[in-house]
Amino acid sequence: MAKLESKIPTGPLADKWSTYKSEALKLVNPANKRKYEVIVVGAGLAGASAAATLAELGYKVKCFVFHDTPRRAHSIAAQGGINAAKNYQNDGDSVHRLYYDTIKGGDYRSREANVHRLAEVSVNIIDQCVAQGVPFAREYGGLLANRSFGGAQVSRTFYARGQTGQQLLLGAYSALMKEAGRGAVEVHPFEEMSDLVVIEGQAKGIITRNLVSGEIRRWSADAVILATGGYGNVFNLSTYARGSNATAAWRAYKRGACFANPCFTQIHPTCIPVSGDYQSKLTLMSESLRNDGRIWVPKNAADCDKPASQIPEEARDYYLERIYPSFGNLAPRDVSSRAAMRMCDEGRGVGPGKRGVYLDFADAIQRLTEDGVRERYGNLFDIYHEITNENAYKQPMRIYPAVHYTMGGLWVDYNLMSNVPGLFVLGEANFSDHGANRLGASALMQGLADGYFVIPYTIGNYLATQKPGSRPKTDATEFAQAEQNVRDINDRLLGANGKEPVSHFHKRLGLIMWENCGMARTKESLQKAIKLIPELRAEYWQNVRVPGSGATLNQSLENASRVADYMELSELMCRDALAREESCGGHFREEYQYPDGECKRDDANFGHVAAWEYQGDGKDPLRNVEPLNYEFTQMSVRSYK
Amino acid sequence: MVAESSEKNINVTLRVWRQAGPNQPGKFVEYQAKNCNPNMSFLEMLDVVNDSLVTQGEEPIAFAHDCREGICGTCNLVIDGKPHGPHKAIATCQTYMRSFADGAVITVEPFRAKPFPVIKDLITDRSAFDKIQQAGGFISVRTGAGADANATPISKDNADLAMDAAQCIGCGACVAACKNASAMLFVAAKVSQFSLLPQGQPERDRRVLAMVAKMDELGFGSCTNQYECSAACPKLISHDFIARMNRDYIKATIRQTFKPKSNAVAGGA
Ligand SMILES: Cc1cc2nc3c(=O)[nH]c(=O)nc-3n(C[C@H](O)[C@H](O)[C@H](O)COP(=O)(O)OP(=O)(O)OC[C@H]3O[C@@H](n4cnc5c(N)ncnc54)[C@H](O)[C@@H]3O)c2cc1C
Ligand code: SF4
Ligand code: FES
C-alpha cells in the first residue's frame, strides 16, 4: 500500500509557504547543482517554466516533447485569461479571496495549503510574464486591464485578447529558448516518453520513442518531472488538441505512481455543439464570453425550432440568471454545464439534435456597439463563424458543454513529488489544486505557479538527499526491462493486424465514457461502463489495424499506443466515479443531489482524495485515501444563488 | 472569409504528395474523397480518407496537426499551391470543405522550402525556427526578478501593436509562400513585439542582429519585398513589421560600430 504523506507544513495558513521555503526546505549548493541532471517531460506552461527556471538555477536539464517544437504545447490554445490576486481594480480582491474562491469553486476537495500557496504566488506570475514581454491587454492609462471569470465576484483575470495561453506559453518558451541557446537545457522535440524507469524505488529515468526515426531510447537522470498535461482525450471528442494524451502519466501509474481522483473531469459549458460523426474535436468558446453574453433557451419547447429572432423576449428563459441570481451567467462551469444539460433534457434545447443553448450578445451590442464587442471577442466570433458559418453578431451563438479539463491526475505531495520519490508532477498532469472543479483562468495560473515558483524550491529538497553523480547508467537492468516493455506494446499493436483503424475504437470508447461517465453519472451507468470497457479493450487488441513499421514516423502507431492507454485509464475513471458515492464539483452522481439539482457532498465519508494504486494487469487497483483536513476554512454547501 | 453555406455533400479528387522519408523521392498519388459533408474540415476529410486507407491495409497520409483551431501552428499544408489553402487569414485546420466545389481536383503538398526539409509525406521539419528564437527571441529576465507588473505603464497603442506582432503562430507559411524562402516576417514579428515594449529595450540591438544573422546562417533567403508572406499568413501579421525591423537593424548596425564600449571586465570583489 502506497504511503501518502501530504507533507503539508504546520503553522498558520498564510505563513506556511514562506516559512517552509525559508526554514524547512533543503538547499543544493551552486557548485553541486550542475552535477544533477533533471528530466522535464513536457513544455507547456508547467514544463517550459520549470525547465527554464531549473536551468537558470544551474541544474542540467533535458526537456522532452512529442511535438515538433516546444511552442506547440496545448497550453497555446487557452483563450480566456489567467487569475492573479493583484487587486489592481481595487474591487476588494486579495490573496485570501482568491484562495477562498478556488477552494469553494473546487467544492472543498483540494488541499487548503496548496491552494493558498497558489494564490500567494499568483501575483509573482504576472510580474514575471510582463518582464518577459507578454503583451497583456492594457487600459488607456497604460496599466493592465482585467476581466471577470466564472465563480468570482471580482475582476482578477489578466488576458491577451482571446489568446492568453498563447502569449503566456510563448513567454515561457522564450525563457526556455534562452536557456537552450546557452546550452543549459537540451531540448528534444519529437521524443515521446513511453515509460518511466524506477530503480530501487526512485524515479531515475525514462524511455522515449523518437517519433521521426522510431528509435527507442534510454535516458537517466537524478529526478524526473512530468508536465504532460491532462487526459480529457479519453472522451475522444473534447476541446483538447488531438495530440494531447495520457501516456506519460498512465505509464508512470503502472510503475507505481498513484493516480488521484481520476473521475474529476471538467465539462465546459460554452463549446460549439457537435455537428456530425466525422467530427474530430470540439471548439471552446471562451468563458470570458459569459461576461457579456446572456444564456437562454425558449420557455416553451414548441418554440425550439423557430429562429431565435422570432422568439420574443417574454418567451425566453434566461435560466442561469433565473436560478443563480447573484452569479447569473457567471455561475461556475460545473453548475452551468449541468443546467444546460437539464434544459436540453427538458426538450428545450436548440439547433441540430436539440443539444444546444443560446449565448446571446444582442444586449451587449446595444450597450457596447458591435465594434465594442468585436474589440473584446472578435477572434472568438471569427472562430465561431468559420466552424458554423453563422454570424454571431446577427444571431445568438449556439453552445453546448464539452470535455475540457481534468482535475484528477497523478498524486503529489506539497512538494509536487509523487509517491515515487524523484518523480515530480506539474500542471494539469497532477491533481493538486482544483479539487472537484477548476475555476476559469486558474489552470494557467497553476501551471506557471508550479513551474516558476514551486518546483525550483521543492526539487532541491529531494536532490539534496541524492549523492551528486550517483545517477544510474542506462545499462541498468531496469532500463533494459522498461525498454522491452515499450517494444512489446508497439510490436503487439503493429502485429495485431486486425481490420479497424484506431479512430473507430477511440470513438466507441469516447461514447461509452460520455454517456456513462460524463456530466451525470449513476451507479448503473458506471457499472455498465466497467463492463463495456474491458470488452472493447479486448476487441481492440484483437482487431486494431496499425499499418507500417515502428522504425519510421508512424502516426497510426502513435495513436494506437495512446488509445491503448485510454482503454485502461477510462476504466479507472469509472471505478473512481463509482466508489465516490457523493456528488461534488464536476463529479455529479444523480443519486446524490438536492431537490433543486445541486451537488450533495458527503464530507464525512468522502472528504478525502482517492489515490489509486496499480496492482498488476488483470488485478483490481487499490484505492488509497488521503484525508483532507480543513483547518482554516469550513467545508460548507457551495451556493451561487 | 467563409464560403456560402451549402447543404449538399460533395466528392473531390485529391492529388497528394507521398514521400516515404527525408531523402527519398516523392510523388503525387490520387485519392477519392467521397460524400464529404461541407461542414467537415479539410483535415477531417483527410482523417476519413486515412481511415479508409488503413482499412485497406495501406499506410495513411502523414500530415501534421494538433489544436485544429488555428493557434498551435502545427498544420501546414499547401492546398492548390497556397500555403494554408484558399482563404485569407486562416490556418489549414480552419479550412472547411464548403470552400471546394463538387468534383474539384485538389492538390495537397508539404511546405516547400530548403530550410524546412520533408520528414514524411506532408510533414516538414521546422526546427530552424527554434534556432532563430534561441539566437535572441527572448528578454533575459531571471524567474522572480521582474518588478511589479504595473510599475511601468505601457501605452495601449504600443501594447496593442506588440500584441499584433506577438500573434505569430510559428507555422512557417510565410517562408513557404516566399520564392526566396525568407523568414523575414516571422523574425520581424518577434523582433517588433519586443522592440515595442520597454522591457525589450536593453537587448534591442543585440536581438535583431543575432536573429537576422541566425536566419541567414540557416539558409533562409533574403526579402525582396513581394509580400507573399503576409498574404499567406494565417494571423495577418503585417509586412509593416518587416520595415520596422529593417530600421531597427540599420540603427543597431550603426550603433554597434560607433557605440562606446566599457573596458571593464567581469569579476571584482
Ligand atoms: C481550449 C482550451 C482553452 C483553455 N483556456 C484556459 C484559460 O483561458 N485559462 C486557464 O487558466 N486555463 C485554460 N485552459 C486549460 C489550460 O490551458 C491547461 O490546463 C494548461 O495549459 C495545461 O498546461 P500543462 O503545461 O499542464 O500541459 P500542456 O500545455 O498540455 O503541455 C503538455 C506538454 O507535455 C508534452 N507531452 C505530453 N505527453 C508527453 C509524452 N508522453 N512524451 C513527451 N512529451 C509529452 C507535450 O508535448 C506538451 O509539451 C484551456 C484549455 C483548453 C483546452
Ligand atoms: S508570420 Fe505568419 S506565416 Fe509566418 S510563421 Fe508567423 S503566423 Fe506563420
Ligand atoms: S492544427 Fe493547430 S493551427 Fe492548425
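A quick note: this is a predicted structure, and the numbers were derived from the prediction, not measured.

Asker: Is there a simple way to think about the interface of chain A and chain B in this case?
Answerer: By convention, interface size is frequently given as the accessible area that disappears when the constituent parts associate. Between chain A and chain B, the contact holds 75 residues from the first and 76 residues from the second. With both sides pooled, the region where chain A packs onto chain B buries about 6,300 Å², and carbon together with sulfur makes up 52% of that total. Interface area lost by chain A to chain B is led by Arg72, Tyr278 and Glu386 of chain A, which between them contribute 12%. The interface formed by chain A and chain B holds five salt bridges in total. Residues Asp68 of chain A and Arg126 of chain B are paired through a salt bridge, measuring 3.4 Å at the closest nitrogen-oxygen approach. Applying the counting rule to chain A against chain B returns 39 residue pairs in polar contact (both at pLDDT 80 or more). Top element by residues in the side of chain A that touches chain B is helix H6 (residues 164–181) of chain A. It accounts for nine residues. Across the side of chain A that touches chain B, the residue classes tally to 29 nonpolar, 29 polar and 17 charged.

Asker: Is there a simple way to think about the packing of aromatic side chains in this case?
Answerer: By convention here, two paired aromatic rings are described through the distance between centres and the angle between planes. According to the stated counting rule, one finds 28 aromatic pairs over all chains in the structure shown. When the ring of Trp17 of chain A is compared with that of Tyr20 of chain A, the centres are 6.4 Å apart and the planes differ by 40 degrees; the resulting orientation is tilted. Linking Trp17 of chain A with Tyr20 of chain A, this pair stays in helix H1 (residues 16–24), spanning three residues, or about one helical turn. Each member of the pair, Trp17 of chain A together with Tyr20 of chain A, is buried. Note on Phe129 of chain B and Phe186 of chain B: the rings are 3.6 Å apart at their centroids and 5 degrees apart in plane angle, and the pair reads as stacked. With a gap of 57 residues between them, Phe129 of chain B in helix H2 (residues 128–136) and Phe186 of chain B in helix H5 (residues 184–195) connect regions that are remote in the sequence.

Asker: Quick question: what am I supposed to make of the sheet that holds strand E4 (residues 82–83) of chain B here?
Answerer: Two orientations exist for strands paired in a sheet by backbone hydrogen bonds: parallel and antiparallel. All names here are of chain B. The strand order E2-E1-E5-E3-E4 describes an open sheet built from five strands, whose pairing is mixed. A single partner strand is all that each edge strand has here, and the edge strands are strand E2 (26–36) and E4. Bridging between strand E3 (residues 77–79) and strand E5 (residues 105–110) involves three bridges; their strand directions are antiparallel. Bridged to Leu77 within E5 is Pro110.

Asker: Could you clarify how one ought to interpret the nonpolar core in this entry?
Answerer: A general feature of soluble globular proteins is that nonpolar side chains tend to end up buried together. Ranked by internal contacts, the top residues of the largest apolar core, which has 239 residues, are Ile82, Phe136, Tyr319, Leu423, Ile459 and Tyr540 of chain A. Sorting elements by how many residues they give to this core places helix H11 (residues 443–463) of chain A first, with twelve residues. Two domains each provide a minimum of three residues to this core, namely domain 1 (10–120) and domain 2 (127–258) of chain B. In contact with Phe136 of chain A, not counting residues within four places along its chain, are Ile82, Ile126, Cys129, Val130, Leu144, Phe158, Tyr159, Ala160, Thr164 and Leu168 of chain A together with Ala159 of chain B. In terms of nonpolar packing, the next biggest core, distinct from the first, is built from 29 residues, Val12, Leu46, Ile79 and Leu122 of chain B among them.

Asker: Got a minute to help me understand the site of ligand 1 in this structure?
Answerer: Residues and elements named next belong to chain A. Near ligand 1, the surroundings consist of 36 residues, among which His67, Ser75, Met193, Glu428 and Leu444 are the closest. One of the backbone N or O atoms of Ala43 is found 2.9 Å from an oxygen atom in ligand 1. Here a nitrogen atom of ligand 1 and a backbone polar atom of Met193 are 2.7 Å apart. Protein chains bury 98% of the 1,000 Å² of accessible surface belonging to ligand 1 in isolation. Elements with a minimum of two residues in the shell around ligand 1: helix H3 (45–57), strand E6 (191–199), strand E15 (397–406) and H11. By residue number, the principal contributor to the shell around ligand 1 is E6, which donates three residues. Looking at side-chain class alone, the shell around ligand 1 contains 18 nonpolar, 14 polar and four charged residues.

Asker: So what exactly am I meant to see when it comes to helix H12 (residues 477–496) of chain A here?
Answerer: Structural remark: α-helix, 3.6 residues per turn; residues separated by three or four positions point the same way. All names here are of chain A. Between its terminal C-alpha atoms H12 stretches 28 Å, which fits the 28 Å expected from 20 residues at 1.5 Å a residue. Burial in H12 covers these residues: Phe479, Ala482, Glu483, Val486, Ile489, Asn490, Leu493 and Ala496. Among the structural elements, E6, strand E7 (202–210), strand E8 (216–220), helix H7 (247–253), helix H14 (523–543) and helix H15 (555–579) are those in contact with the buried residues of H12. Once H12 finishes, Asn497 follows within two positions and takes phi at roughly 50 degrees, a positive value.

Asker: I'm lost on the site of ligand 2 in this one. Help?
Answerer: Residue and element names in this part refer to chain B. Neighbouring ligand 2 are 13 residues, the closest being Cys168, Cys171, Gly172, Cys174 and Cys233. For the shell around ligand 2, the secondary-structure elements that each account for two or more residues are helix H4 (173–177) and H5. Here the residues of the shell around ligand 2 sort into eleven nonpolar, two polar and no charged.

Asker: It is not clear to me how the domain arrangement of chain B should be interpreted in this structure. Could you clarify?
Answerer: Residues and elements named next belong to chain B. In terms of domain boundaries, chain B breaks down into domain 1 (10–120) and domain 2 (127–258). Centre-to-centre, using C-alpha coordinates, domain 1 lies 30 Å away from domain 2. Across the boundary between the two partners, domain 1 contributes 15 residues, which contact 20 residues of domain 2. Summing the contributions of domain 1 and of domain 2, the shared interface buries around 1,300 Å²; its carbon and sulfur component is 67%. Counting every contact that joins domain 1 to domain 2 gives zero salt bridges. Run the count over domain 1 and domain 2 and you get one residue pair in polar contact (both at pLDDT 80 or more). Along the lines of polarity and charge, the residues of the side of domain 1 that touches domain 2 split into ten nonpolar, three polar and two charged.

Asker: What's the story with the packing of H12 of chain A against H14 of chain A in this structure? I'm lost.
Answerer: Two quantities define a packed helix pair, namely the angle between the axes and the distance from one axis to the other. Residues and elements named next belong to chain A. At a closest axis distance of 7 Å, the pairing of H12 and H14 adopts a crossing angle of 75 degrees. By the angle between their directions, the pair H12 and H14 is classed as roughly perpendicular. On the side of H12, the interface is formed by Ile489, Arg492, Leu493 and Ala496, while H14 contributes Tyr540, Trp541 and Gln542. A class-by-class count of the residues in the contact of H12 with H14 yields five nonpolar, one polar and one charged.

Asker: What's the story with the pairing of E8 of chain A in this structure? I'm lost.
Answerer: Each regular strand carries side chains that alternate between the two faces of the sheet. Residues and elements named next belong to chain A. Note that E7 and E8 share five bridges and pair antiparallel. Following the sheet pairing, Ile207 is matched in E8 by Arg218. The hairpin formed by E7 and E8 contains five residues between the paired strands, and Gly214 there has a positive phi angle of roughly 80 degrees.

Asker: Help me understand the side chain of Ser174 of chain A, please; the structure alone is not making it clear to me.
Answerer: Examined against the element boundaries, Ser174 of chain A turns out to sit in helix H6. Setting aside residues no more than four positions away along its own chain, Ser174 of chain A makes contact with Gly137 and Phe138 of chain B.

Asker: When you look at the sheet that holds E15 of chain A in this model, what are you seeing that I'm missing?
Answerer: Residue and element names in this part refer to chain A. Taken together, five strands build an open sheet; the order of strands is E11-E15-E14-E12-E13 and the sheet is antiparallel. Of all strands in the sheet, those bounded by a partner on one side alone are strand E11 (265–271) and strand E13 (316–317). In the sheet, E11 pairs with E15 via five bridges, with the strands oriented antiparallel. Residue Gln266 lies in a different strand from E15, and its bridge partner there is Tyr405.

Asker: Hey, could you run me through a nonpolar patch on the surface in this one?
Answerer: A cluster of nonpolar side chains, Tyr249, Ile250, Ile254 and Phe258 of chain B, forms an exposed patch at the surface whose accessible area comes to about 440 Å². The partly exposed category is assigned to Ile254 of chain B, whose relative accessible area is 46%.

Asker: Would you explain the packing of H14 of chain A against H15 of chain A in this entry?
Answerer: Residue and element names in this part refer to chain A. For the pair H14 and H15, interaxial distance at closest approach is 9 Å and the crossing angle is 160 degrees. Viewed along their axes, H14 and H15 adopt a mutual orientation that is roughly antiparallel. Of the two possible hands of crossing, H14 and H15 adopt the one that is left-handed. Between H14, through Lys523, Leu526, Gln527, Ala529, Ile530, Ile533, Pro534, Leu536, Arg537, Tyr540 and Trp541, and H15, the contact on the second element is made entirely by Asn559, Ala560, Val563, Ala564, Met567, Glu568, Ser570, Glu571, Cys574, Arg575, Ala577 and Leu578. Of the residues contributing to the contact of H14 with H15, the split by class is 15 nonpolar, three polar and five charged.

Asker: I keep staring at unusual backbone geometry and nothing clicks. Help me out?
Answerer: Among all residues save glycine, negative phi is the norm, and among peptide bonds the norm is trans. Positive phi, normally seen in glycine, also occurs at Thr369 of chain A, with a value near 70 degrees. Note on placement: Thr369 of chain A falls in helix H10 (residues 362–388). Judged by relative accessible area, which is 45%, Thr369 of chain A ranks as partly exposed. Unlike most non-glycine residues, Arg68 of chain B shows phi in positive territory, near 55 degrees. If you trace the backbone, Arg68 of chain B turns up in the loop between helix H1 (42–55) and E3.

About the cut-offs
Residues numbered from 1 in each chain as written. Chains lettered and ligands numbered in written order. Predicted model: local features only at pLDDT ≥ 70, side-chain atom pairs only at ≥ 80, totals over all residues. Heavy atoms only, no water. Contact = heavy atoms within 4.5 Å. Buried area = accessible area lost by both parts, 1.4 Å probe. Salt bridge = Lys/Arg side-chain N within 4 Å of Asp/Glu carboxyl O. Polar contact = N/O pair within 3.5 Å; in protein donor to acceptor, adjacent residues only side chain to side chain. Helix = DSSP H or I, 4+ residues; strand = E, 2+ residues; numbered from the N terminus. Nonpolar A, V, L, I, M, F, W, Y, C, P; charged D, E, K, R; others polar. Phe/Tyr/Trp six-rings, centres within 6.5 Å; stacked < 30°, edge-to-face > 60°. Buried < 20%, exposed > 50% of the residue type's maximum accessible area, 1.4 Å probe, protein only. Pairing = 2+ DSSP bridges. Core = buried A, V, L, I, M, F, W, Y, C linked by side-chain atoms within 4.5 Å. Domains from an automatic or database assignment. Near = heavy atom within 4 Å. Areas by Shrake-Rupley, 256 points an atom, 1.4 Å probe, with all protein chains shown as cover. Expected span 1.5 Å × (residues − 1). Axes fitted to C-alpha atoms, helices over the stretch in contact; angles between N-to-C directions. Parallel < 35°, antiparallel > 145°, perpendicular 65-115°, else oblique. Patch = residues over 30% accessible without salt bridge, like charges linked within 9 Å, V, L, I, M, F, W, Y side chains within 5 Å. Left-handed = near helix turned anticlockwise from the far one by under 90°.

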